Amino acid sequence: MSTATFTSPELRHDSLSPAARPLAAVTGAELQAPLIQGGHVRYANLDYGASAPALTVVSAYLNEVLPFYASVHRGAGYASQISTSVYENARNIVREFVGGRADDSVIFTRNTTDSLNLLAGCLPVVDGKHSGEVVYLDIEHHANLLPWQHLPHRSIVAASTLAETLANVREALAHGGVSLLAVTGASNVTGEILPVKELAAIAHENGARIVVDAAQLAPHRRVDIAAAGIDYLVFSGHKLYAPFGAGVLVGRPDWLDAGTPHLAGGGAVREARLDSVTWATGPARHEGGSPNVLGAATLARATQVIAELDQDEWHAHESAIRTHLVEGLKEIEGVTVHQIFSDTDPADTIGVVNFSLEGYDAGLVAAYLSAEHGIGLRDGRFCAHPLLKRLGLPSGSLRASFGLGSRLEDATRLIAGIKALKAEGLGWDYVVDSGRWVPANDHRSYPHWAPNTPGTAGAAPCSTN
Ligand SMILES: Cc1ncc(COP(=O)(O)O)c(C=O)c1O
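Given the structure is predicted, the values throughout are model-derived calculations rather than measurements.

The rules behind each value
Residues numbered from 1 in each chain as written. Predicted model: local features only at pLDDT ≥ 70, side-chain atom pairs only at ≥ 80, totals over all residues. Axes fitted to C-alpha atoms, helices over the stretch in contact; angles between N-to-C directions. Helix = DSSP H or I, 4+ residues; strand = E, 2+ residues; numbered from the N terminus. Parallel < 35°, antiparallel > 145°, perpendicular 65-115°, else oblique. Contact = placed C-beta atoms within 7 Å. Nonpolar A, V, L, I, M, F, W, Y, C, P; charged D, E, K, R; others polar. Near = placed C-beta within 6 Å. Domains from an automatic or database assignment. Left-handed = near helix turned anticlockwise from the far one by under 90°.

Visitor: For this particular structure, what's the right way to read the packing of helix H10 (residues 362-373) against helix H12 (residues 408-424)?
Guide: If you want to describe how two helices pack, look at the angle between their axes and the distance between the axes. Running from N to C, H10 and H12 point in directions that differ by 110 degrees, and their axes come no closer than 11 Å. On the basis of the axis angle, H10 is roughly perpendicular to H12. When H10 is examined against H12, the residues Val365, Tyr368, Leu369 and His373 are found in contact with a partner set consisting of Arg413, Gly417 and Leu421. Per-class residue counts for the contact of H10 with H12 are four nonpolar, two polar and one charged.

Right, dumping it as structure tokens:
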């Protein structure tokens, strides 16, 4: 196997930067990606925002727990007791991680989408009618838009500044009749952080509660829900370095204990009869069926690793990569870096950079970067169609996202890849297959255990127009 080594002069500065090395070890860090013109290169994973690699500590923990894995709750055996204790204790670990109140429920779900759908089934109902509206901004990921659309709801167009946007939210809530303000903690499109503490205060002043979609925020910033006044917080393990299928909803128990059980079935009941049921309260009410024990356990373990990070070091690492990438991209003629608000403080952005290259379809650039440079990033509309439309990007853009396992070199390689595209053009032919750009006559093989089925790379519903 030949190895293409990357030799940009910019790399010489890497050793001086806090971002020269990964901040934590992740699985797949040295993965070699085959290039379309031959050779291999270290895979530059710039797609953490979609799914982050597992922390090696977390995957080691998974292997440690696996021999003890057994049925939880009703199993009397030794392994069942251990599995039950690991699963139930995962709630306490996650509650502590997010600064939860002592009585907050911690409900394990599949992911953020599942958590928000669960909450949507728990909004207060009086005399058979929902007692208030859900209000959300037009910058949300579909997971924080669509669950509310079958309920009384109102959307607010985010203004060009954060300050004006907060004023608009305040005004919308002042009209009364709002039960829930649903906001993202950080935009999955641009990485801008929203001032959730201020938004929580606005919600509470107007008799509403707030749910924060922390799918993007939690992997980049500590959140203290009690201190910030957040009523509900949701996030996903697979974006938090624990890609084993669990998500979580943490929040005030009253609505959750009265709401529609999210998954009717075994475990969610106190007593079941042939034609009626008395539902359980607490997390069990919404966790019908056999839970994802290892998903919850590894999610909790990942939160412990993150809680131990030196926060200054963590933010310096990420901010060095972001600054380097944004500055490098902005120097290239034809590249535009996108953001929602003109007054966002760069310190209030996470490891997400959104950009486009004039004259090039975003999907083609992504395919080129993958095939010719071994760089993995995201293109499309990022499951935020209303926002992309408003940003003037109806056919999508590119998103580079990074985190604990990233290095400055990853950003340097992306900048060099875009420069090479501008200077030399494409080095290969590309065709559209199932709606996605792919290299023509792609001869590269997958590992023997992974089926290489033509067309599967095109299955990206949020990117299609
Ligand atoms: C801000 C935001 N919210 C929600 C989601 C949905 O997360 P999941 O796919 O884990 O349900 C995502 C995923 O990209 C996201 O970025």
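Visitor: What is the right way to look at the site of the ligand in this model?
Guide: Around the ligand sit 14 residues, and of these Asn111, Thr113, Asn188, Ala215 and Ser236 come closest. The residue makeup of the shell around the ligand, split by class, is two nonpolar, eleven polar and one charged.

Visitor: Which parts of the structure should I look at to understand the domain arrangement of the protein?
Guide: Many authors give the size of an interface as the accessible area that is lost as the parts come together. Along its sequence, the protein is organised into domain 1 (9-56 + 310-458) and domain 2 (58-307). Using only C-alpha atoms to locate each centre, domain 1 and domain 2 end up separated by 29 Å. Counting residues at the interface gives 35 residues for domain 1 and 36 residues for domain 2. Residues of the side of domain 1 that touches domain 2, tallied by class, amount to 17 nonpolar, 13 polar and five charged.

Visitor: Teacher, can you tell me more about the packing of helix H4 (residues 162-174) against helix H5 (residues 196-205) here?
Guide: Two elements in contact, H4 and H5, have axes separated by 9 Å at closest approach and are oriented at 20 degrees. Judged by the angle between their axes, H4 and H5 are roughly parallel. Handedness of the crossing formed by H4 with H5: right-handed. Taken together, the residues of H5 that come into contact with H4 (itself represented by Leu166, Val169, Arg170 and Leu173) are Glu198, Leu199, Ile202 and Ala203. Taken together, the residues of the contact of H4 with H5 break down into six nonpolar, no polar and two charged.

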